[in-house]
Amino acid sequence: VYKRQTLNKKASIQTQRLTLQVISKEDTEQLVQLLTNHEITKTFMVPDFKTTEQITALAETLISFSQIEDVEHLAYGIYTDDWLIGFINDCDMENDTIEIGYVIHPDYQGKGYATEAVHAMIEELLKMGFRKVKAGYFEENVASRRVMEKCGMKQLSYTDEIEYRGIVHKCFYYEAEY
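Computed from a prediction, not measured in an experiment: that's the story for all the values here.

Calculation rules
Residues numbered from 1 in each chain as written. Predicted model: local features only at pLDDT ≥ 70, side-chain atom pairs only at ≥ 80, totals over all residues. Heavy atoms only, no water. Helix = DSSP H or I, 4+ residues; strand = E, 2+ residues; numbered from the N terminus. Rg over C-alpha atoms; globule rule 2.2 N^0.38 Å. Buried < 20%, exposed > 50% of the residue type's maximum accessible area, 1.4 Å probe, protein only. Contact = heavy atoms within 4.5 Å. Lys, Arg positive; Asp, Glu negative; His and termini not counted. Charge placed at Lys NZ, Arg CZ, Asp CG, Glu CD. Salt bridge = Lys/Arg side-chain N within 4 Å of Asp/Glu carboxyl O. Phe/Tyr/Trp six-rings, centres within 6.5 Å; stacked < 30°, edge-to-face > 60°. Pairing = 2+ DSSP bridges. Axes fitted to C-alpha atoms, helices over the stretch in contact; angles between N-to-C directions. Parallel < 35°, antiparallel > 145°, perpendicular 65-115°, else oblique. Left-handed = near helix turned anticlockwise from the far one by under 90°. Nonpolar A, V, L, I, M, F, W, Y, C, P; charged D, E, K, R; others polar.

1. Description of the overall build of the chain
Then, in step 1: Of regular secondary structure, the chain possesses five helices and eight strands.
Then, in step 2: What you see for the chain is a C-alpha radius of gyration of 15 Å, in line with the 16 Å of a compact globule of 178 residues.
Then, in step 3: On the principal axes, the C-alpha backbone points of the chain span a range of 40 × 40 × 40 Å.
Then, in step 4: Relative to its 178 residues, the chain shows a buried fraction of 48%.
Then, in step 5: Looking at the chain alone, contacts between residues at least 24 apart form 67% of all its contacts between residues at least 6 apart.
Then, in step 6: Where the 19 positive side-chain charges of the chain centre and where its 29 negative ones centre are 6 Å apart.

This is the structure:
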């Protein structure tokens, strides 16, 4: 039996350089750009949409998941200077364990933003009562692995093979446990 935890989300989480917060409807176009960016979709699993309406619907779903009133889903926009540069969302939740995914626009990669955001999110999830925070990455996405390691996550022994957009990827998992 699968049990989802009710989330007690904050409207925003402040780090040194970033604000993790509810994604505004005004940021729909920026979110669509993240969800359709070729560099991002190589390693962040997004359906291969055929229409603008489909991708806009996914963006609107993420926006609704980020609202404080939604206590069953996790999604936070990652902002710097009020500009949406990425997001963190839940991929799976069961009991005291949550799996997260995260995206940073390629123009902002390599500056430590993902590490800063994921670290803050892990701390917040622990305050919410989660004991384990997991994340996975495709083998070729070395930067994502480094983010997980810098956040103190440890590699788990199991791996997956996931077919995504016609390519089979080896997926590794990391976990922070408290």
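2. Some points on the pattern of salt bridges
Then, in step 1: If you walk through the whole model with that rule in mind, you get seven salt bridges.
Then, in step 2: Across the salt bridge formed by Arg 17 and Glu 116, the nearest N and O atoms sit 2.7 Å from each other. In this pair, Arg 17 sits in the loop between β1 (12–14) and β2 (19–21) while Glu 116 sits in helix α4 (residues 113–127), placing the two residues 99 residues apart along the sequence.
Then, in step 3: For the salt bridge of Glu 175 with Lys 134, the shortest nitrogen-to-oxygen distance reads 3.9 Å.

3. So, the packing of aromatic side chains
Then, in step 1: All told, the structure shown has six aromatic pairs when counted by the stated rule.
Then, in step 2: Ring plane angle 85 degrees and centroid distance 5.5 Å describe the contact between Phe 44 and Phe 87, whose orientation is recorded as edge-to-face. Placement of the pair is Phe 44 in the loop between α2 (38–41) and α3 (52–66) and Phe 87 in strand β4 (residues 83–94), with a sequence separation of 43 residues. Residues Phe 44 and Phe 87 agree in their burial class; the two are buried.
Then, in step 3: Between Tyr 137 and Tyr 174, the ring centres sit 5.9 Å apart and the planes meet at 50 degrees, which makes this aromatic pair tilted. Here Tyr 174 lies in strand β8 (residues 167–177) and Tyr 137 lies in strand β6 (residues 132–138), a separation of 37 residues in the sequence.
Then, in step 4: Look at Tyr 174 and you get buried, because its relative accessible area is 3%.

4. Some details on the sheet that holds strand β5 (residues 97–104)
Strand pairing within a sheet occurs via backbone hydrogen bonds; the two strands may be parallel or antiparallel.
Then, in step 1: On the basis of which strands lie adjacent, the open sheet formed by eight strands has the order β1-β2-β3-β4-β5-β6-β8-β7 and mixed pairing. Since the sheet does not close on itself, it has two edges, and those belong to β1 and β7 (154–164), each with one partner. Strand after strand, the sheet turns through a mean of 25 degrees between neighbouring axes, direction not considered.
Then, in step 2: Alignment of β1 against β2, held across three bridges, turns out to be antiparallel.

5. Section: the packing of helix α1 (residues 28–36) against α3
Then, in step 1: It is the contact of α1 with α3, at a shortest axis distance of 9 Å, that shows an interaxial angle of 115 degrees. With respect to their mutual orientation, α1 and α3 come out roughly perpendicular. As for the relative orientation of α1 and α3, their crossing is right-handed in sense. Residues Thr 28, Leu 31, Val 32, Leu 35 and Thr 36 of α1 touch α3, and the partners they reach there are Ile 55, Thr 56, Leu 58, Ala 59, Leu 62 and Ile 63.
Then, in step 2: Residue composition of the contact of α1 with α3, grouped by class: eight nonpolar, three polar and no charged.

6. Brief notes about the environment of Phe 44
Then, in step 1: We classify Phe 44 as buried; its relative accessible area is 16%.
Then, in step 2: Here the alpha-carbon distance between Phe 44 and Gly 136, two residues 92 residues apart in the chain, equals 10.0 Å.
Then, in step 3: Contact partners of Phe 44, with chain neighbours within four places excluded, come to Phe 87, Asn 89, Gly 101, Tyr 102, Val 103 and Tyr 164.

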